[in-house]
Amino acid sequence: MFRRLGQKLYNFMLGRNGPDNLFRFCVWASFAVAVVAIFVRNFWVSSALSLIYYALLGYAVFRVLSRNVYKRRAENAKYL
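Residues numbered from 1 in each chain as written. Predicted model: local features only at pLDDT ≥ 70, side-chain atom pairs only at ≥ 80, totals over all residues. Heavy atoms only, no water.

What follows is about the overall build of the chain. In terms of regular secondary structure, the chain is built from four helices and zero strands. Helices and strands appear in the chain in the N-to-C order α-α-α-α. Taken over the C-alpha trace, the chain has a radius of gyration of 16 Å; the compact-globule value for 80 residues is 12 Å, which it surpasses by more than 25%. Based on the C-alpha atoms only, the size of the chain along its principal axes is roughly 45 × 35 × 15 Å. Counted over contacts in the chain with a minimum sequence separation of 6, partners at least 24 positions apart contribute 71%. (Helix = DSSP H or I, 4+ residues; strand = E, 2+ residues; numbered from the N terminus. Rg over C-alpha atoms; globule rule 2.2 N^0.38 Å. Contact = heavy atoms within 4.5 Å.)

In structure tokens, the structure reads:
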């Protein structure tokens, strides 16, 4: 069962960018923003931080699943 699931995941990820350094930075930054948002008492600031959290996480997922590998590699090279 798990082999078949692993094979399906492998086939799905073929030709996609996959995780890189910029992806890892976005995930860790979103985690840090989420932790800060937990401790902020102001509703509007907390909501803005949550929006930033979701935007960073969404961008990270977009980068991992992107099929435009050349553009994502160029973005990662700029980041590095």
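Having seen the model, we can carry on.
Residue-level pLDDT values for the chain average 90, and 100% of them are 70 or greater. The secondary structure element of the chain with the lowest average pLDDT is helix α1 (residues 2-13), at 84, and the one with the highest is helix α2 (residues 21-39), at 94. (pLDDT = per-residue confidence, 0-100.)

The first and last C-alpha atoms of α2 sit 28 Å apart over 19 residues, in line with the 27 Å expected at 1.5 Å per residue. All of the buried residues along α2 are Leu22, Phe23, Cys26, Ala29, Ser30, Val33 and Ala37. Within α2, the buried residues cover an arc of 130° as seen down the axis, which keeps them to one side. With respect to the buried face of α2, the exposed residues turned more than 90 degrees away are Trp28, Ile38 and Phe39. Contacts from the buried residues of α2 go to α3 (43-65) and α4 (69-79). (Expected span 1.5 Å × (residues − 1). Buried < 20%, exposed > 50% of the residue type's maximum accessible area, 1.4 Å probe, protein only. Arc of directions from axis to C-beta.)

Moving on, we come to α3. Residue pairs spaced three or four apart in an α-helix point in one direction, given the helix's 3.6 residues per turn. The end-to-end C-alpha distance of α3, which contains 23 residues, comes to 33 Å, matching closely the 33 Å that a straight helix rising 1.5 Å per residue would cover. Along its buried surface, α3 packs onto α1, α2 and α4. By the N-cap criterion, in which a side-chain oxygen at the helix start approaches the backbone nitrogen of a residue two or three places on, α3 is capped by Asn42, the distance to Trp44 being 3.1 Å. (Polar contact = N/O pair within 3.5 Å; in protein donor to acceptor, adjacent residues only side chain to side chain.)

The next thing to look at is the nonpolar core. Side chains of a nonpolar character, in soluble globular proteins, are inclined to be buried together. Grouped together as the largest cluster of nonpolar side chains are five residues: Leu22, Phe23, Cys26, Ala60 and Val64. Of all the elements in the fold, those that place two or more residues in this core are α2 and α3. Considering each element in turn, this core owes the most residues, three residues, to α2. Apart from the residues lying within four places of it in its own chain, the contact partners of Leu22 are Tyr59, Arg63, Glu75, Asn76 and Tyr79. (Core = buried A, V, L, I, M, F, W, Y, C linked by side-chain atoms within 4.5 Å.)

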